Amino acid sequence: MLSYKHIFHAGNHADVIKHLCWLSVITYLKNKDKPFTLFDTHAGAGQYALDSEHAQKNSEFKTGISTVIDSKFSSSLLQHYQDVCSGYWRQNLYPGSPLLAANALRSQDTLQVMELHPNEVVNLRQALKPYTHNRQAQVHHRDGLEGLQGLVPPASKRGAVLIDPPYEQKQEYNAVVSCVTTTLAKWRNAQIIIWFPLLTERARDKTGLSEQMVSDIVDLGFETLTVELLIGQKTSDVGMYGSGVCVVNPSWNLDQQLGQALDEFCQIAASSSSRVHWFNKQ
Ligand SMILES: C[S@@+](CC[C@H](N)C(=O)[O-])C[C@H]1O[C@@H](n2cnc3c(N)ncnc32)[C@H](O)[C@@H]1O
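Residues numbered from 1 in each chain as written. Predicted model: local features only at pLDDT ≥ 70, side-chain atom pairs only at ≥ 80, totals over all residues. Heavy atoms only, no water.

Some remarks on the overall build of the protein
The secondary structure content of the protein amounts to eleven helices and ten strands. Taken over C-alpha atoms, the radius of gyration comes to 17 Å for the protein, in line with the 19 Å a tight globule of 282 residues would show. Considering only C-alpha atoms, the protein reaches an extent of 45 × 45 × 40 Å along its principal axes. Within the protein, buried positions represent 56% of all 282 residues. (Helix = DSSP H or I, 4+ residues; strand = E, 2+ residues; numbered from the N terminus. Rg over C-alpha atoms; globule rule 2.2 N^0.38 Å. Buried < 20%, exposed > 50% of the residue type's maximum accessible area, 1.4 Å probe, protein only.)

Right, dumping it as structure tokens:
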């Protein structure tokens, strides 16, 4: 199907929670000199022009990055996110997950990204060009959930995976659970971030599928953290009332880092709140 285009949503509140989580996980991995590999199964176009007609259509970035860009924060994670985004913001751009990861790599680290859409992968290759010439970052034009299985575990056995599907089709929720199960069977200490939407009854047959997916992942028995950012009221005229990240094998300080960053974000973003849950905590 592939009708989803991230440009319509770039920099919105869902990108804020997802990208804060991604940056926190990557920053933690950098505490040791040992190399790591990052995997991004649904990479998108890499970067997004916020002054484009598509981004301006609903101006979703006004619920996210534009709230963050001019403030000062005591959360080091939120401040780091703002610092990374501000150079792009000055050019009317927003950096997607693969660029955030590529910017953070040290010489010993590597990045594997997958994107299935034929136009988005062209834009992605262009955006990642400074990082692909020496193969430090590699772009794969393929299904991300299948592709991941062929790439794990990385030689260093250290790293993290971001799974960020468009969830256009109902089957994608179960496909994520299967992918996480297979990945953990091959790489037990993989740190896996799964973004999910929080949907009202208006989403009809997709209502409740995120909650079921998270529950299935928790049932795998690994230490798992969920963090959610709720925007506005959960009323029947709203389809998505927020979103969350489900993190398997989270780095030890992720709940504090992300919790503090979202607390501060919620002080400046209208009608928002956040919540954190632990499962199978050891
Ligand atoms: C939510 S967007 C990704 C945004 C990106 N992760 C970010 O945070 O900047 C989802 C992307 O997945 C792509 N996609 C859809 N199905 C896919 C699949 N089976 N494998 C890989 N990519 C897919 C879409 O074309 C779209 O670009």
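As for the sheet that holds strand S4 (residues 110-114)
Spatially, S5-S4-S1-S6-S7-S9-S8-S10 is the arrangement adopted by the eight strands of the open sheet, whose pairing is mixed. Where the open sheet ends on each side, the last strands, each with one partner, are strand S5 (137-140) and strand S10 (272-279). With direction set aside, neighbouring strand axes in the sheet form an average angle of 15°. The sheet contact formed by strand S6 (residues 159-163) and strand S7 (residues 191-199) spans four bridges and is parallel. Residue pairing across strands places Ala 160 opposite Gln 191, the latter belonging to S7. Most of the contacts of helix H1 (residues 13-29) go to strand S9 (residues 240-248), to which it runs at about 15°, and overall it touches strand S1 (37-40), S6, S7, strand S8 (224-231) and S9. Sitting on the sheet, helix H5 (residues 97-104) touches S1, S4 and S6, and the angle it makes with S4 is about 170°. (Pairing = 2+ DSSP bridges. Axes fitted to C-alpha atoms, helices over the stretch in contact; angles between N-to-C directions. Contact = heavy atoms within 4.5 Å.)

Some words on H1
An ideal rise of 1.5 Å per residue puts 24 Å on 17 residues; H1 measures up with 25 Å between its terminal C-alpha atoms. For H1, the tally of buried residues reaches 15 of 17 residues, placing the bulk of the element in the interior. Looking at where H1 begins, the residue whose side-chain oxygen comes 3.0 Å from the main-chain nitrogen of Ala 14 is Asn 12. (Expected span 1.5 Å × (residues − 1). Polar contact = N/O pair within 3.5 Å; in protein donor to acceptor, adjacent residues only side chain to side chain.)

Some remarks on the site of the ligand
Of all residues adjacent to the ligand, which total 19 residues, the nearest are His 19, His 42, Glu 115, Gly 144 and Asp 164. Lys 18 places a side-chain nitrogen or oxygen 3.1 Å from an oxygen atom of the ligand. The contact in question runs from an oxygen atom of the ligand to an N or O atom on the side chain of Glu 115, over 2.6 Å. More than half of the atoms belonging to the ligand lie within 2 Å of the grid points that define the largest pocket. For the shell around the ligand, a count of residues per class yields five nonpolar, nine polar and five charged. (Near = heavy atom within 4 Å. 1 Å grid on protein atoms, 1.4 Å probe; cavity = no way out; pocket = protein on both sides within 12 Å on 5 of 7 lines; lining within 4 Å. Sits in = over half its atoms within 2 Å of the grid points. Nonpolar A, V, L, I, M, F, W, Y, C, P; charged D, E, K, R; others polar.)

Considering the UniProt feature "site: Interaction with substrate rRNA" (unreviewed entry) in the protein
Here the UniProt feature "site: Interaction with substrate rRNA" (unreviewed entry) sits at Tyr 4. Within the secondary structure, Tyr 4 is located in the segment before H1. Those residues in contact with Tyr 4 that lie beyond four places of it in its chain are His 9, Pro 166 and Glu 168. Reaching out from Tyr 4, the side chain makes a polar contact with the side chain of His 6 at a distance of 2.6 Å. (UniProt positions renumbered as here; feature names shortened; annotations may be inferred.)

Comments concerning the UniProt feature "binding site: S-adenosyl-L-methionine" (unreviewed entry) in the protein
According to UniProt, the "binding site: S-adenosyl-L-methionine" (unreviewed entry) feature falls on His 19, His 42, Ser 97, Glu 115, Asp 143, Gly 144 and Asp 164. Put simply, the named residues that line the largest pocket are His 19, His 42, Ser 97, Glu 115, Asp 143, Gly 144 and Asp 164. Looking at where His 19 falls in the secondary structure, it is placed in helix H1. The class for His 19 is buried, based on a relative accessible area of 2%. Not counting residues up to four positions away in its chain, the partners in contact with His 19 are Tyr 81, Tyr 94, Pro 95, Gly 96, Ser 97 and Leu 100.

As for the packing of H1 against helix H4 (residues 76-89)
Viewed as axis vectors pointing N to C, H1 and H4 meet at an angle of 105°, and their least axial separation amounts to 10 Å. Here H1 lies roughly perpendicular to H4, going by the angle between them. Counting all contacts with H1, which are made through Asp 15, Val 16, His 19, Leu 20, Leu 23, Ser 24 and Thr 27, the residues of H4 involved are Leu 77, Leu 78, His 80 and Tyr 81. Across the contact of H1 with H4, the residue classes break down as six nonpolar, four polar and one charged. (Parallel < 35°, antiparallel > 145°, perpendicular 65-115°, else oblique.)

Topic: the layout of surface pockets
Estimated volume of the largest pocket: approximately 1,100 Å³. If you go around the largest pocket, you meet 50 residues; those closest to its centre are Tyr 4, Pro 165, Pro 166, Tyr 167 and Glu 168. Of all elements in the fold, only H1, H5, helix H8 (144-151), helix H9 (171-186) and S7 reach the threshold of two or more residues within the lining of the largest pocket. Of all the elements, H9 adds the most residues to the lining of the largest pocket, at six residues. For the lining of the largest pocket, the class distribution of residues is 22 nonpolar, 15 polar and 13 charged. In this structure, the second largest pocket encloses a volume near 320 Å³. What lines the second largest pocket is a set of 14 residues, among which Tyr 28, Leu 29, Asn 189, Gln 191 and Asn 249 lie closest to the centre. Of the residues contributing to the lining of the second largest pocket, the split by class is four nonpolar, six polar and four charged. (Points joined across faces, edges and corners; volume = space filled by probe spheres on them.)

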